[in-house]
Each structure stands twice: as structure tokens, then as C-alpha cells.
Amino acid sequence: MALVTTTEMFKKAYEGGYAIGAFNINNMEIVQAITEAASELRSPVILQVSAGARKYAKPAYLMALADAAIKDTGIDMALHLDHGADFEICKSCIDNGFTSVMIDASKYSLEENIEITKKVVDYAHERGVVVEAELGKLAGIEDDVHVADDDAMYTDPNDVEEFVTKTNVDSLAIAIGTSHGAYKFKGEPRLRFDILEEVSRRLPGFPIVLHGASSVVPELVDEINACGGNLPGAKGVPEEMLRKAASMAVCKINIDSDIRLAMTAGIRRVLKEKPEVFDPRGYLTVARDEVKKMVAHKIEYVLGSAGKL
Ligand code: G3H
Ligand code: 13P
Ligand code: ZN
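Let us look at the structure shown here. It should be emphasised that the depicted structure is a prediction, and the values quoted were computed from it without experimental measurement.

1. With respect to the overall build of the chain
For the chain, the helix and strand inventory stands at 12 helices and eight strands. Relative to the 2.2 N^0.38 estimate, which gives 19 Å for 309 residues, the radius of gyration of the chain is 18 Å and therefore close to what a compact globule would have. The principal-axis extents of the C-alpha atoms in the chain amount to approximately 60 × 45 × 35 Å. Within the chain, residue pairs in contact and separated by at least 24 positions form 77% of the contacts whose partners lie at least 6 positions apart. Accessible surface for the chain amounts to roughly 13500 Å². Of this, 52% is attributable to carbon and sulfur atoms. The chain carries 35 positive and 48 negative side-chain charges, and their two centres are separated by 3 Å.

2. A word on the packing of helix H11 (residues 257-273) against helix H12 (residues 280-303)
H12 packs onto H11 with a crossing angle of 140° between their chain directions and a minimal axis gap of 8 Å. Relative to H12, H11 is oriented so that their crossing is right-handed. Two secondary-structure elements touch here, H11 through Asp 258, Ile 259, Ala 262, Met 263, Gly 266, Ile 267, Arg 269, Val 270 and Leu 271 and H12 through Gly 282, Tyr 283, Leu 284, Val 286, Ala 287, Glu 290, Val 291, Met 294 and Lys 298. Taken together, the residues that form the contact of H11 with H12 break down as 12 nonpolar, two polar and four charged.

3. Examining the site of ligand 2
Close to ligand 2 lie 15 residues; Asp 82, Lys 184, Ser 214, Asp 256 and Ser 257 are nearest. One nitrogen or oxygen atom from the side chain of Lys 184 is found 2.5 Å from an oxygen atom belonging to ligand 2. One of the backbone N or O atoms of Ala 213 is found 3.1 Å from an oxygen atom in ligand 2. For ligand 2, whose unbound accessible area comes to 310 Å², protein coverage reaches 97%. Residue assignment for the shell around ligand 2 shows that the elements contributing at least two residues are strand E3 (78-84) and strand E8 (250-255).

4. Focus: the environment of Asp 258
The residue Asp 258 is located in helix H11 in this model. With 33 residues separating them along the chain, Asp 258 and Val 291 place their C-alpha atoms 8.2 Å apart. Apart from residues no more than four positions distant in its own chain, Asp 258 is found in contact with Ser 214, Ser 215, Val 216, Val 217, Leu 220, Met 294 and Lys 298. Among the polar contacts made by the side chain of Asp 258, one reaches the main-chain amide nitrogen of Ser 215 at a distance of 2.8 Å. A distance of 2.6 Å separates the side chain of Asp 258 from the side chain of Lys 298, its partner in a polar contact.

5. Quick look at the coordination of the zinc ion (ligand 3)
Bound to the zinc ion (ligand 3) are the protein donor atoms His 83 (NE2), His 180 (NE2) and His 211 (ND1), situated 2.0 to 2.1 Å from the metal. Accessibility expressed as a relative area gives 13% for His 83, which makes it buried. His 211 gets classed as buried once you look at its relative accessible area, which sits at 1%.

6. Here's the deal with the pairing of strand E5 (residues 130-135)
Burial analysis of E5 places six of its six residues in the buried class, which makes it a mostly covered element. Note on the crossover from strand E4 (residues 100-103) through helix H6 (residues 110-126) to E5: the handedness is right-handed. Of the strand pairs in this sheet, E5 and strand E6 (residues 171-174) are connected by four bridges, and their pairing is parallel. Bridge pairing links Glu 132 to Ser 171 in E6.

7. What to know about the sheet that holds strand E1 (residues 20-24)
Strand pairing in a sheet relies on backbone hydrogen bonds, with the paired strands running either antiparallel or parallel. Strand order around the closed barrel formed by eight strands is E1-E2-E3-E4-E5-E6-E7-E8, with parallel pairing between neighbours. Strand-to-strand twist of the sheet, defined as the mean angle between neighbouring strand axes without regard to direction, takes the value 25°. Across three bridges, strand E7 (residues 208-210) lies against E8 in parallel orientation. Residue pairing for E8: Val 209 is matched across the bridge by Lys 252.

8. A few points about unusual backbone geometry
With phi around 50°, Arg 42 is a residue other than glycine that occupies positive phi space. On the secondary structure map, Arg 42 appears in the loop between helix H2 (28-40) and strand E2 (46-49). Since its relative accessible area comes to 43%, Arg 42 is described here as partly exposed. Although it is not a glycine, Val 216 sits at a positive phi angle of roughly 50°. Examined against the element boundaries, Val 216 turns out to sit in the loop between E7 and helix H9 (218-226).

Parameters and conventions
- Residues numbered from 1 in each chain as written.
- Chains lettered and ligands numbered in written order.
- Predicted model: local features only at pLDDT ≥ 70, side-chain atom pairs only at ≥ 80, totals over all residues.
- Heavy atoms only, no water.
- Helix = DSSP H or I, 4+ residues; strand = E, 2+ residues; numbered from the N terminus.
- Rg over C-alpha atoms; globule rule 2.2 N^0.38 Å.
- Contact = heavy atoms within 4.5 Å.
- Areas by Shrake-Rupley, 256 points an atom, 1.4 Å probe, with all protein chains shown as cover.
- Lys, Arg positive; Asp, Glu negative; His and termini not counted.
- Charge placed at Lys NZ, Arg CZ, Asp CG, Glu CD.
- Axes fitted to C-alpha atoms, helices over the stretch in contact; angles between N-to-C directions.
- Left-handed = near helix turned anticlockwise from the far one by under 90°.
- Nonpolar A, V, L, I, M, F, W, Y, C, P; charged D, E, K, R; others polar.
- Near = heavy atom within 4 Å.
- Polar contact = N/O pair within 3.5 Å; in protein donor to acceptor, adjacent residues only side chain to side chain.
- Donors = N, O, S within 2.8 Å, 3.2 Å for Na, K, Ca; no water.
- Buried < 20%, exposed > 50% of the residue type's maximum accessible area, 1.4 Å probe, protein only.
- Right-handed = clockwise from strand over helix to strand, strands pointing away.
- Pairing = 2+ DSSP bridges.

What follows is the structure, given as C-alpha cells:
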């Protein structure tokens, strides 16, 4: 068993009308929770690492955790760099065993985005690594904006053929109204499925990626708030919208906030109910179980990837 690219995963997901979960990893408990859920449900899975995760846990630890998860579960998985900001971070991950990287040059002009993405693709492909890029603007990464409700932020379908042809990128993240974090919509959740449809019409068979796709699970938010937290108005993408996206061209669905919420809910519950607990294993065991349950639910009922390994 080994780290694998997403090529085969995406091909099967596209044809089968389901999506692969890409879960952000930051520590051992999170890695165990995700990979145990995937293994038990025989689901393909992508572990993804942000720049923030590299800073928090250090690259060597994250790589060792991914390797340990493969040994422990006996399943193949992909290791992906999330939101690589420049060529250098992508190169570092490619050189150190990642099987997939994202170059996120979406804040630049189309021409610059093409140029930067192509440089990463050329380097990656020579080394058997696949690349995800982004067109359009997703709120919540390098700013304090959490709600994407500005028309200028959506991906323009007119750009996608030129972008993919000129860069030779392997998958494309598009902006259709999702955003990062726990506050995604001011009013009713709304996604621009018309844009997704038009993009897939222009790029037949090409894997599309959905960022900012946590549901901000209401039960977890309620539990956090009931146990001393303060997350008023937290709102995510309804599950039925994710199911619809997965049945269309979306092959990769990114989830981080729901992991954070599940861990926090577990930890808060234990500390509230058992104030005498001070062994971290006491609350981290519960937190890990909460994450595993949440991931298993996504695999089975939202992504549709159970049994597709
Ligand atoms: O896309 C953003 C992910 O949730 C990663 O967040 O940069 O705080 O690790 P982070
Ligand atoms: P969420 O904040 O919705 O979990 O999105 C995570 C993500 O897109 C990571 O790239
Ligand atoms: Zn993202």
C-alpha cells in the first residue's frame, strides 16, 4: 500500500457520480480518525495539508503520520498540498513525497495564474505528481471575508477551456458560492449550479474541486454552544447541495471546518461533563471519535464514496 495520485480516484468518481473527501490534517488524532473511517468503509480518501498545518505540525511529522496511517489501515491514499501559495511550496511538497499539490494563484490575473500554474504543472508532471489549480475567488483564506456573495468572485466559465488547455492542470477548483470557515452564508445557502454545469459542459470529463464545502454540522455547532462555546450564526453547505455537486462534475470535496467543529464539540463535552479530567487522552479520545463519526457520515451519506476503494 502506498501514497497514490488522484488520477484513478477522480476518473472512477466522475464516472460513478460520487466525490472523494479531501480532509485537512493537523495532528495524529485527526489523521487516525479520517483514515480509520475511510478504511472501515472501504473508501478512497485524500489527506490534505495546508501551509498552516505545516507550520503547526511540521512537514516531517505530517509525512510520517500519513505513512503511519497507510501502514496501520492498509489502504492507499493521496497526500495533497492545500492552497499552495507559490511555486516554492509546491516544489518542496513534490520533492518530499506528496502525490498531489494545489497551486492557488487565483488572486492573480488570468494570464499570471496560467503562467504560475503551468510552471508547477511542468515540474510536478515530470515527477509523477498531479496538480489542482483554482479559478475564481473563494473567500476566507488570506482575508477576513467569509461570505462569497459578490458576482466578481464566481468562476467565469468563459475562462476554463483556455486555462486548462494552456496549463495542462489535472483538476480545477471553481468558485460557485462556497467559502472557507464556519460562516458561509448570511441568508439562505445558495450555490451557482448553473456555473458548475456550464464549466463541465466546456470541460467534459474533467474533475472539478469544491473548496469551502463543510456543512458546519448544526448538531456540532449546537453542542459547542451548549458546552460554553460561542458560534452564533455559523452556517455551512447543506448536505443535499453537496450530494448534487458530487453527482455532477465535482470529484473532490474539501472539508476542514467540520473536523475542527467535531474535535471542539468532543473536547468541550468532556471538559464540561467531567471537570476533573486532565489527562489529554481522556478528551482527545472522545474528540477523535467525533471526527471519525463525522467523516464516516460524509463518506456514506454525502460523498457516496463508501465501497469504492
Ligand atoms: O482552506 C483552508 C483550510 O481550512 C486550511 O486552513 O490554513 O487554517 O490550516 P488553515
Ligand atoms: P471548509 O472551511 O468549508 O471546511 O473548507 C476547507 C477547504 O476548502 C480546504 O481547502
Ligand atoms: Zn480551500
